[in-house]
Structure formats: C-alpha cells, structure tokens
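Each chain, letter by letter, is given below.
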Amino acid sequence: MQNIKEYVEANKQRFLDELFDLLRLPSVSADPKFKGDVEKTADFVAQKLREAGADNVEVCPTAGNPIVYGEKIIDPALPTVLTYGHYDVQPADPYELWDTPPFEPTVRDGKIYARGSADDKGQFYMHVKAFEYMIKNDALACNIKFMIEGEEEVGSVNLGTFVKENTERLKADVIVISDTSMISMEQPSLETGLRGLSYVEVEVTGPNRDLHSGVYGGAVANPATILAKLIASLHDENNHIAIPGFYDDVVELTAEERKALNEAPFDIEEYKTDLGIQNIWGEKGFTTLERTGIRPTLEVNGIWGGYIGEGAKTVLPSKANAKISMRLVPNQNSHRITELFKKHFESIAPDYVKVEVKPHHGGEPVVTPTDSIAYKAAERALHETFGVQPIPTRGGGSIPIVALFEEVLGLKTVLLGFGLDSDNLHSPNEKYGIENYLMGISTIPLFHKYYAELSK
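Residues numbered from 1 in each chain as written. Predicted model: local features only at pLDDT ≥ 70, side-chain atom pairs only at ≥ 80, totals over all residues. Heavy atoms only, no water.

Trainee: Please explain the overall build of the chain as it appears in this structure.
Mentor: The number of helices and strands found in the chain is 14 helices and 21 strands. Radius of gyration (C-alpha) of the chain: 23 Å, near the 23 Å computed for a compact globule of 456 residues. Excluding contacts between residues fewer than 6 apart, the proportion of contacts in the chain whose partners are at least 24 apart in sequence is 79%. With the model as given, the accessible surface of the chain reaches about 20,200 Å², and the carbon-plus-sulfur share is 49%. (Helix = DSSP H or I, 4+ residues; strand = E, 2+ residues; numbered from the N terminus. Rg over C-alpha atoms; globule rule 2.2 N^0.38 Å. Contact = heavy atoms within 4.5 Å. Areas by Shrake-Rupley, 256 points an atom, 1.4 Å probe, with all protein chains shown as cover.)

Quick look at the structure:
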C-alpha cells in the first residue's frame, strides 16, 4: 500500500488542477442568475465521486438546488461515516475589491485565492481525494457515504426535507464535516461547538416617495437616520445586546471552562495587525476568544437607503433597509430569538415611520462531545499528521444542519476543519493554503483508520 503522503505528493498537481476546475464554477446559491452554474457544479461533484470509486452516485433534485449523494459500503458490519459538505459559495461582491478574479483561482504565497477555496469547496474536496486514495490502495477502513449540498450559504433551505425523506439511506454511525478552522498550521485544533443563527432583514419606511432634502428636510423623518438610531440602540454602553429576554436561555460557562478556553494560543497584537484595527471591541467582561465562541452577538451585515451612486443627489429617502444576523449559543433557540428581535424592533419604532421585520433563515447552536470515539479518532489523526496534540476550541460560525442531523438522524458530528480564521471567508480575496488542502487529504484516511479501530 502506498503511503498517503507519498500518494499526495505524487498526485499534488492533479489534486490542485481538479480543485481549480471546481473553483471556476460560480456556484452562488444566493443569486438566481447563477442557477445554471450551481447545477453544473453538482454534476461536477457527482462525476468526481464516480471517478474516485463511489457507488450509487446521484444528483438528487430538491425544491431548490440539488444534493449530491454517493457511497461505498464495503462491509455492513463496519462502522459507517457520513461525510457532509457544500458546493455552493457566497456571492463574490464587491468584485472590485478582489486582487484577482474570484472565480479564476490564483496561487500567491502558497495560498489559493478564489471564492469557495476554503468555504467549502477546498475542504469538502479533500474528502473526495482522500476517498480516492483509500479506494486505490485498499485502505478503506469504514463504509463511507457522501452528502454534498448546494444551499448551505442560504440556510440549507431544502436539506431538512431531504434528510427526513432519506433516513434509511443516510443511516450512519457518525458525521464528519470539514467546514471549520484550526488555530494554525503549527497548532491544530478541533472545534467542539458552533453558534446558532437568526437572520433578519428590516425595512424602515417614511414618506411615500423620495423627497427633495432641501424642501422637506427637517420636517419629515428621514428613514436612514431613524434606522441608524434604531440599530445603535440594540447595544448598550457595555456592548450588551439590549433586547429584553435575549440572554434568558444563554448557558454560562464555569470559571474553569472559561480558563480552559482562554488557554488556546492567541496573540491579540497579531490579531489587530492582521485586521488593520487599532483596538478590539465587544461585550464588556469577556475576552476576544469568549466573544467569538461562547457569547451571542448581533451584527449588521448590510445597510442601504437613498442615493448611493456616483456624485451627489440631495434626496430624503423613502426607505432604508438593513440585514442583521444574530449568532446564538447553547440553549438559545433561533425561532424565539427572531420573535424577540421582531417584537422589540417594532416596539421601539417611532410613529413617524413604519417598520417591517422580515425573518430569513436560522439554525440552532450545538456542542459536540470530546469523549466520543469519533473525536478521539480525529485527535489521533491530527496528532499523527501534524506531530502536535490538537486543542479543543469553540467556533464562532454556524452550520445549522449539525443540529438537524442530531435531531433527525440521531448522529453526533466531528468538525474536522483545516481552514484558518485568516482565510477571508465571505470576504473579498478568500484564500486556502495549498498545505492545508494537502494536509487535509493526508489526515482524513487516518481518521477513518482510527475510527474503525476504536469502534471494535
């Protein structure tokens, strides 16, 4: 059997070329104009699974974007690993802030710059190539099932229906997801929790049309100004979220748990330098690692209203809008938080404007066990590949379907991510290290090997 690292090195250029072909497909799920490209991407993924050796590969239609399924069942007596990933990507806007075109992968300083390189094409494709190695070298220690979807970036709208309708086909012992990050290439880590999400859009309406700001300014409320005031009121002087009941269900960590969390390597000066900021900001009484891992947040993701084109146009806008996301922690419920936000935002609106809150999508927070066979297998695999014991961390992001998998399939998840927080996810110039990609391919077969051994 060829050593995994030898196999990766021998096939390195092919692995990169295939990933680049995948990255060239603009599979943006949020924008209907990319619908055809999304479907092409699903077909591409299905073909690569077939070429790698998967059986029963199918592009499964849904009410939205298709889900790609494939499997390799070598022995029903062996444990089965369900690998989840997503082939859809965030919009690349604003295009002008990219140093190179977002859908033409470019390598600079050992990093692959392209939309989706880290989130999640580069990460899920590691599993396809690791699977190829295991098939070709008779090294498959577990049964494997793949479920790669195309709507994660818009809330996995149709995945729940698919999972509920395919519980027998998706039967497994554990789920593994590579859509998270590590501390660094020198210090690997395993995320043991994810925050939930509540996403809403708000609209503030004043007059029935845009007005001349000289004729009407000072006499009619400006929706943009009112929206700014409403948003500003959502945090108090300690940057605490000022929505009644928002923290009622938040699980507070013990002093010991907080101490352990803050023992992860973290350089605050390096953090500020990387982001180009002079100081940090956040909820009083918590460290940066706590603010991004164990505390809920409320952030404005976009805000607009009035004239935003070139030059000047003196209008008092009729409407102003904002998109707002709230990250949630264990015991908070996305539906309850959405209702709390809606009730509060409508209650604080003055009577000289109308306010509408439009809920979008959400998901529940999760904590994954660190004493499971699967976690220990991932720990061993990372330790063997990197030569360093991985550290458990809490992730600030959200993968809403993790809670769904536990609820519907009764399965726990291992978050075996190889990205870095500095990979510019959801931002211009998203990147993914070539070393991260190849190390992931080298590590995944070890996870399967140790999971099979520990399951005996």
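Trainee: How should the sheet that holds strand β4 (residues 106-108) be read in this particular structure?
Mentor: Paired through their backbone hydrogen bonds, the strands of a sheet run either parallel or antiparallel. Reading across the sheet, the three strands line up as β4-β5-β21 and stay open at both edges, with antiparallel pairing between neighbours. One side of each edge strand has no neighbouring strand; the edge strands of this open sheet are β4 and β21 (431-433). Neighbour to neighbour, the strand axes of the sheet diverge by 30 degrees on average, direction disregarded. Taken together, the three bridges between β4 and strand β5 (residues 111-113) define a ladder with antiparallel strand orientation. Residue pairing for β5: Val107 is matched across the bridge by Ile112. Contacting β4, β5 and β21, helix α14 (residues 434-454) crosses the sheet at an angle of about 55 degrees to β21. (Pairing = 2+ DSSP bridges. Axes fitted to C-alpha atoms, helices over the stretch in contact; angles between N-to-C directions.)

Trainee: Before we go on, may I ask you to explain helix α3 (residues 35-52) in this structure?
Mentor: Note on helix geometry: an α-helix contains 3.6 residues per turn, so any two residues three or four positions apart are oriented the same way. The end-to-end C-alpha distance of α3, which contains 18 residues, comes to 26 Å, matching closely the 26 Å that a straight helix rising 1.5 Å per residue would cover. Of all the residues in α3, the buried ones are Val38, Thr41, Ala42, Phe44, Val45, Ala46, Lys48, Leu49 and Ala52. Of the surrounding secondary structure, the elements contacted by the buried residues of α3 are α2 (12-23), β1 (55-60), β2 (67-72), α4 (121-136) and β6 (143-149). Gly53 sits one or two residues past α3 and shows a positive phi near 120 degrees. (Expected span 1.5 Å × (residues − 1). Buried < 20%, exposed > 50% of the residue type's maximum accessible area, 1.4 Å probe, protein only.)

Trainee: Can you walk me through the packing of aromatic side chains in this structure?
Mentor: Two numbers describe a pair of aromatic rings. These are the distance of the centres and the angle of the planes. If you walk through the whole model with that rule in mind, you get nine aromatic pairs. Judged by centre distance (5.4 Å) and plane angle (70 degrees), the ring pair of Phe246 and Tyr247 falls under edge-to-face. Judged by relative accessible area, Phe246 falls into the buried class, the value being 1%. Taking the relative accessible area as the measure of exposure, Tyr247 reaches 16% and is therefore buried. On the basis of an interplanar angle of 15 degrees and a centroid distance of 5.3 Å, the ring pair of Phe341 and Phe345 is categorised as stacked. Of this pair, Phe341 and Phe345 both sit in helix α11 (residues 334-347), four residues apart, which is roughly one turn of the helix. (Phe/Tyr/Trp six-rings, centres within 6.5 Å; stacked < 30°, edge-to-face > 60°.)

Trainee: Just checking my understanding: could you explain the environment of Leu170 for this structure?
Mentor: Its place among the elements puts Leu170 in the loop between α5 (159-165) and β7 (174-177). Counting along the chain gives 90 residues from Leu170 to Thr80, while the straight-line C-alpha distance between them is 9.6 Å. Ignoring anything within four residues of it in the chain, the contact list for Leu170 reads Tyr69, Leu82, Lys145, Met147, Phe162, Val163, Leu409 and Leu411.

Trainee: Any chance you could explain the side chain of Thr443 here in plain terms?
Mentor: By secondary structure assignment, the location of Thr443 is in helix α14. The contact partners of Thr443, leaving out residues within four places of it in the chain, are Ala381, Leu382, Thr385, Phe386 and Phe418.

Trainee: Explain the UniProt feature "domain: Peptidase M20 dimerisation" (unreviewed entry) in the chain here, please?
Mentor: With numbering matched to this structure, UniProt assigns "domain: Peptidase M20 dimerisation" (unreviewed entry) to residues 193-352. Annotated as residues 193-352, this span is 29% helix and 22% strand, and its ends, taken at the C-alpha atoms, are 43 Å apart. (UniProt positions renumbered as here; feature names shortened; annotations may be inferred.)

Trainee: Help me understand the sheet that holds strand β13 (residues 297-305) in this model?
Mentor: Read from one edge of the open sheet, four strands run β13-β15-β11-β16, paired in antiparallel fashion. The strands lining the two open edges of the sheet, one partner per strand, are β13 and β16 (354-363). Ignoring which end each strand starts from, the neighbouring axes of this sheet average 15 degrees apart. Pairing of β13 with strand β15 (residues 319-328), which is carried by eight bridges, proceeds in the antiparallel orientation. From the neighbouring strand, Ile303 faces β15, where its bridge partner is Ala322. Taken strand by strand, helix α7 (residues 223-232) contacts β11 (196-205), β13, β15 and β16, and its axis lies near 15 degrees from that of β15. Relative to the sheet, α11 contacts β11, β13, β15 and β16, its axis offset from that of β16 by approximately 170 degrees.

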